[in-house]
Amino acid sequence: MGVTKEDVEAAITSALSPLHLVVTDTSGGCGASYEIEVVSEKFEGKRLLERHRMVNTALVPHMAEIHAVSIKKALTPAQAQPQPEPAADKPQA
């Protein structure tokens, strides 16, 4: 069998100590394609490309068996916080 979701989670957790991590197997169960959302303090001060490289570097031991990785989010903790919605001018009822 190919790489499991747990393998991907363990590799990213070991390298990036994420505060939030969602790994989704988009291959239908064969372990060849994953979508990743990760929030890590280790991303502080890094550009998006550097963050993606950090995730890909964490997955190097598994990349021979993974066909595709889609990094949907690679955020710092501050970026992951919900942003307050601007007050809209709403008519009073």
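For the structure, check the block above.
Residues numbered from 1 in each chain as written. Predicted model: local features only at pLDDT ≥ 70, side-chain atom pairs only at ≥ 80, totals over all residues. Heavy atoms only, no water.

### A short note on helix α1 (residues 5-16)
Part 1: Here α1 is 12 residues long and its end C-alpha atoms lie 16 Å apart, about the 16 Å a rise of 1.5 Å per residue gives.
Part 2: When α1 is considered as a whole, its buried residues turn out to be Val8, Ala11, Ile12 and Leu16. The arc that holds every buried residue of α1, seen down its axis, measures 100°, which confines them to one face. With respect to the buried face of α1, the exposed residues turned more than 90 degrees away are Glu6 and Ser14. (Helix = DSSP H or I, 4+ residues; strand = E, 2+ residues; numbered from the N terminus. Expected span 1.5 Å × (residues − 1). Buried < 20%, exposed > 50% of the residue type's maximum accessible area, 1.4 Å probe, protein only. Arc of directions from axis to C-beta.)

### As for the sheet that holds strand β3 (residues 68-75)
Part 1: The sheet built from three strands is open, its strands ordered β1-β2-β3 with mixed pairing. The open sheet has two edge strands, β1 (20-25) and β3, and neither has a second partner. Going across the sheet, the axis of each strand differs from the next one's by a mean of 10°, ignoring polarity.
Part 2: Relative to strand β2 (residues 33-39), β1 runs antiparallel, the two sharing six bridges. Counterpart to Leu21 in the pairing with β2 is Val38.
Part 3: Strands in contact with α1 are β1 and β2; relative to β1, the strand with the most contacts, it is inclined by about 150°.
Part 4: Its contacts with the sheet put helix α2 (residues 48-58) on β2 and β3, and the angle it makes with β3 is roughly 130°. (Pairing = 2+ DSSP bridges. Axes fitted to C-alpha atoms, helices over the stretch in contact; angles between N-to-C directions. Contact = heavy atoms within 4.5 Å.)

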